[in-house]
Amino acid sequence: MQRTATSVLRVASRRYTAVVSSGWTPVTLAGATRQCFLSTSASARRAAAVDAKKADEPSQHLLGVAKAQGVSRGLVGAVGNTPLIRLNTISDQTGCEVLGKAEFMNPGGSVKDRAAHYVVLDAEERGLLRPGGTVVEGTAGNTGIGLAHVCRSKGYRLVIYMPNTQSQGKIDLLRLLGAEVYPVPAVAFDNPENYNHQAARHAERLCKEDGGGAAVWTNQFDNTANRRAHIETTGPEIWAQTEGKVDAFTCATGTAGTLAGTTRYLKDISGGKVKSFLADPPGSVLHSYVQSGGKLSERSGGSITEGIGQGRITDNLAPDLALVDGSLHISDEKSIEMVYRCLDEEGLYLGASSALNVVAAKEVAEMMGPGHTVVTILCDGAYRYADRLFSRKWLESKGLLGAVPEKLGRYIVLP
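Parameters at a glance
Residues numbered from 1 in each chain as written. Predicted model: local features only at pLDDT ≥ 70, side-chain atom pairs only at ≥ 80, totals over all residues. Heavy atoms only, no water. Helix = DSSP H or I, 4+ residues; strand = E, 2+ residues; numbered from the N terminus. Buried < 20%, exposed > 50% of the residue type's maximum accessible area, 1.4 Å probe, protein only. Areas by Shrake-Rupley, 256 points an atom, 1.4 Å probe, with all protein chains shown as cover. Salt bridge = Lys/Arg side-chain N within 4 Å of Asp/Glu carboxyl O. Pairing = 2+ DSSP bridges. Axes fitted to C-alpha atoms, helices over the stretch in contact; angles between N-to-C directions. Phe/Tyr/Trp six-rings, centres within 6.5 Å; stacked < 30°, edge-to-face > 60°. Lys NZ or Arg CZ within 6 Å of the ring centre and 35° of its normal. Lys, Arg positive; Asp, Glu negative; His and termini not counted. Expected span 1.5 Å × (residues − 1). Contact = heavy atoms within 4.5 Å. Polar contact = N/O pair within 3.5 Å; in protein donor to acceptor, adjacent residues only side chain to side chain.

Draft legend 1. View of the overall build of the protein chain. Summing up its helical and strand segments, the protein chain has 15 helices and 13 strands in all. Burial analysis of the protein chain (415 residues in total) assigns 49% to the buried set. As presented, the protein chain carries roughly 19400 Å² of accessible surface, and 52% of it is formed by carbon and sulfur atoms.

Draft legend 2. Molecular detail of the pattern of salt bridges. Scanning all chains against the criterion turns up 24 salt bridges. Linked by salt bridges that have partners in common, Lys101, Glu103, Arg114 and Glu237 make up one network.

Draft legend 3. Up close: the sheet that holds strand S8 (residues 180-184). An order of S8-S7-S6-S9 is seen for the four strands of this open sheet, with the pairing classed as parallel. The two strands at the open ends of the sheet, each matched to only one other strand, are S8 and strand S9 (215-217). Here the average twist between neighbouring strands, direction ignored, is 15 degrees. For strand S6 (residues 134-138) and strand S7 (residues 157-163), the ladder comprises five bridges, and the chain directions are parallel. Among the inter-strand pairings, Glu137 is bridged to a residue of S7, identified as Ile160.

Draft legend 4. Main features of the packing of aromatic side chains. Here the structure, examined in full by the defined rule, presents four aromatic pairs. Between Tyr161 and Tyr182, the aromatic rings sit 5.0 Å apart at their centres with planes inclined by 20 degrees, giving stacked as the arrangement. Note that Tyr161 is positioned in strand S7 and Tyr182 in strand S8, a separation of 21 residues in sequence. Of the residues examined, Tyr161 reaches a relative accessible area of 7% and is grouped as buried. Residue classification places Tyr182 among the partly exposed residues on the basis of a relative accessible area of 31%. Measuring from ring centre to ring centre gives 5.2 Å for Tyr340 and Phe390, while their planes differ by 55 degrees; the resulting arrangement is tilted. Linking Tyr340 in helix H12 (residues 332-346) with Phe390 in the loop between helix H14 (386-389) and helix H15 (392-397), this pair joins segments that are 50 residues apart in sequence. Across the pair, Phe390 and Tyr340 agree in class, each one buried. By the ring-pair criterion, three or more aromatic residues cluster together here, those being Tyr340, Tyr349, Tyr383 and Phe390. For Arg312, the ring lying beneath its charged end belongs to Phe189, and the centroid distance is 4.2 Å.

Draft legend 5. Inspection of unusual backbone geometry at higher detail. Even without being a glycine, Asn81 presents a positive backbone phi close to 50 degrees. We classify Asn81 as exposed; its relative accessible area is 57%.

Draft legend 6. Looking closely at the side chain of Glu346. Mapped onto the fold, Glu346 is located in helix H12. One buried charge, Glu346, has no salt-bridge partner; the nearest side chain with opposite charge is Arg341, at 6.8 Å.

Draft legend 7. Main features of the environment of Ser297. With respect to the helices and strands, the residue Ser297 is situated in the loop between helix H11 (286-291) and strand S12 (326-329). Taking the relative accessible area as the measure of exposure, Ser297 reaches 35% and is therefore partly exposed. Sequence separation between Ser297 and Leu286 is 11 residues; the distance between their C-alpha atoms is 8.7 Å.

Draft legend 8. Inspection of helix H8 (residues 195-210) at higher detail. Here H8 spans 23 Å end to end across 16 residues, near enough to the 22 Å set by a 1.5 Å rise per residue. Listed as buried for H8 are Tyr195, Asn196, Gln198, Ala199, Ala200, His202, Ala203 and Leu206. Check the buried side of H8 and you find it contacts S6, S7, S8 and S9. Sitting at the amino-terminal end of H8 is Asn194, which places a side-chain oxygen 2.9 Å from the backbone nitrogen of Asn196. Gly211 lies just past H8 and shows a positive phi near 95 degrees.

Following this line, the structure appears as structure tokens:
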């Protein structure tokens, strides 16, 4: 005898267990859209209840992950330990394991949370920043956001200098996070009025007025605490997550902390077996520098990517540049195409810099051949760039509308 019972529809395993234990077994009736329940014997009920109880228990993998994560001591304790995501379509196409480190899952939404944490930690360790002091940085992007989160969590003031070419939305976000923001004219690095140099002078002025430890310029480009963050966290995480089965690492550079620090750790731990490749956008000189064997050319042109590309060798990059095995030039067209491919094929909503890294990982995988494991950095999501990356007008203005595959044009949802 059968009878339906909407009150005992299976919507969760615990409710399923209760139903089975009371003497009803779920069956699906022909043409029905819901499950019904059929009475069964006592012994079968007990067996089914035990099976359901086991199914309701967390797996050992889940318990292991939860135990490893534990309880974070404040926001900075939650920085890092991001998952490696297998990029299924590209992995299947290349015959390699192409993995992306999901840095967009950091509290501040990007890989720069690691550098922000470590430049502040370094200042604390060296006695350069007293409680309630001021952190000063020149930044036009994610480092400022990461510093804003870190400084609020630790009780420091934050002053940001940035080029006045940045969007009002970015300025508003930093102010919303508690930062004092100074947009200044965009000039070259060798100009004393460059935003980085103005940030340094601001910190010096505060120290003169209020004494040592009142302020620190964290100097993200040449402060090697940035590189240290990736030697101590990113590199070890990748090695552990792949169980030492990583053949190559690639990413683009701005400050170069991520590339240099991760490369240094992976080279050291593997005895030099892990290959490292620098990915470079248009307008940067680093690809030509690597390919020419060390000749620094004049910077020209530009890219739609943000926070990457460089016109000089930073102090973060200098100690480890000789460890880099090669470099790749990645066009804006390829980066834009990959933004849309990752969204469509992987469900990953990535910024252009992350997409550039995925292109580089794909090309490294193709170069190395099937059977290798290649890791890259998914540095941030597209949330801060959506008004451009998914705008038909913006894509047309940059000559990039044709880079979006026709079948993916449906994602261009903004005018």
